[in-house]
Amino acid sequence: MHYRLSIAITALGLATPAFTQTKPADVKVEMTTPVFEMFRLAPGKTEEFIRSMAVWDKVSIAGGQPPTQLFLHAGGEGWDVLLYKPPRPKPTPSEEAAMAAKIKELGLPTGALYFVNVREQMADHVHFEATGPVTAAQWVAEIDRQRAERQIVR
């Protein structure tokens, strides 16, 4: 599964976000880390899980954040749904407040109640963060730059 997972990561790392947020060029914006989540869902819970994702996307959108990119199983083994959360500007306090208000408006569970609710929908879950997207040439150039900066001879 690790080999197939790395292929999925590579393919998704090059995915173009369907939603972009622009800020003035002179404003330094701290970005979130790209996140991937793979789910093997509990039998009979696929529709419920995907519908809940659509509701949680409303929370993200209320805070100026993009919806999560959803990939559904079409082949391979061991997973049903893969989520990709591309890097995006970290929410501002006002965006976080808007999301909290949307959570309250929609009556969504949070904290331990969220955990219990979502765990009832899944059989297994893998969560991992990544850097990228980056090409192999860009990565090699960065390694070479760091070695030169530290005067490391290889």
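This text goes with the structure placed above it.
In this text the structure is predicted, and so the values were computed from the model without any measurement.

Calculation notes
- Residues numbered from 1 in each chain as written.
- Predicted model: local features only at pLDDT ≥ 70, side-chain atom pairs only at ≥ 80, totals over all residues.
- Heavy atoms only, no water.
- Helix = DSSP H or I, 4+ residues; strand = E, 2+ residues; numbered from the N terminus.
- Buried < 20%, exposed > 50% of the residue type's maximum accessible area, 1.4 Å probe, protein only.
- Contact = heavy atoms within 4.5 Å.
- Salt bridge = Lys/Arg side-chain N within 4 Å of Asp/Glu carboxyl O.
- Phe/Tyr/Trp six-rings, centres within 6.5 Å; stacked < 30°, edge-to-face > 60°.
- Pairing = 2+ DSSP bridges.
- Core = buried A, V, L, I, M, F, W, Y, C linked by side-chain atoms within 4.5 Å.

S.K.: Would you mind going over the environment of Ala98 with me for this structure?
M.R.: Checked against the element boundaries, Ala98 lands in helix H3 (residues 93–106). A residue is classified by how much of its surface remains accessible, and Ala98, at 26% relative accessible area, is partly exposed. Separated by 39 residues in the primary sequence, Ala98 and Val59 have C-alpha atoms spaced 8.1 Å apart. Setting aside anything within four residues of it in sequence, one finds Ala98 in contact with Ala62 and Gly63.

S.K.: Explain the pattern of salt bridges to me, please; I cannot follow it from the model alone.
M.R.: Side chains carrying opposite charge are able to pair once their charged atoms draw close together. One pass over the structure, following the stated rule, counts eight salt bridges. Lys90 serves as the salt-bridge partner of Glu30, at 3.2 Å between the closest nitrogen and oxygen. Remark: Lys90 occurs in the loop between strand E3 (81–85) and H3 and Glu30 occurs in the loop between helix H1 (2–13) and strand E1 (35–41); sequence separation between them is 60 residues. Two residues, Arg51 and Glu47, come together in a salt bridge whose shortest N-O distance is 2.8 Å. You can see Arg51 and its partner Glu47 sitting in helix H2 (residues 46–62), four residues apart, about one turn around the helix. What makes Arg51 exposed here is its relative accessible area of 56%. One salt-bridge network, in which partners are shared between bridges, spans Glu142, Arg145, Glu149 and Arg150.

S.K.: Even after reading the chapter, I still don't get the packing of aromatic side chains, so can you show me in this structure?
M.R.: What describes a pair of aromatic rings is the distance from one ring centre to the other and the angle between the planes of the rings. With the rule as written, the count across this model stands at four aromatic pairs. Relative to Tyr114, the ring of Trp56 has its centre 5.4 Å away and its plane inclined at 80°; by these criteria the two rings are edge-to-face. One end of the pair, Trp56, is in helix H2; the other, Tyr114, is in helix H4 (residues 111–119), and 58 residues separate them in sequence. Pairwise contacts between aromatic rings join Phe36, Tyr84 and Phe128 into one cluster.

S.K.: Just checking my understanding: could you explain the side chain of Thr32 for this structure?
M.R.: Summarising the element assignment, Thr32 is placed in the loop between H1 and E1. With residues near it in sequence (within four places) discarded, Thr32 still touches Pro86, Pro87, Arg88, Pro89 and Lys90.

S.K.: Is there a simple way to think about the pairing of E3 in this case?
M.R.: Each regular strand carries side chains that alternate between the two faces of the sheet. Counting buried positions over the five residues of E3 gives four, a clear majority of the element. When E1 meets E3, the two strands line up antiparallel, connected through five bridges. Paired with Met38 across the two strands is Leu82, which belongs to E3. One ladder, built from four bridges, connects strand E2 (residues 69–72) with E3; its direction is antiparallel. Looking at E3, one finds that Leu72 is bridged to Val81.

S.K.: Looking at this structure, how should I read the nonpolar core?
M.R.: When a protein is soluble and globular, its nonpolar side chains tend to lie buried together. The biggest cluster of nonpolar side chains holds eight residues, and these are Phe39, Leu41, Phe49, Met53, Val81, Leu83, Val118 and Met122. When contributions to this core are tallied by element, the ones reaching two or more residues are E1, H2 and E3. Excluding its chain neighbours within four sequence positions, the residues that come into contact with Val81 are Glu37, Met38, Phe39, Leu41, Phe49, Leu70, Phe71 and Leu72. In terms of nonpolar packing, the next biggest core, distinct from the first, is built from seven residues, Phe36, Met38, Leu82 and Phe128 among them.

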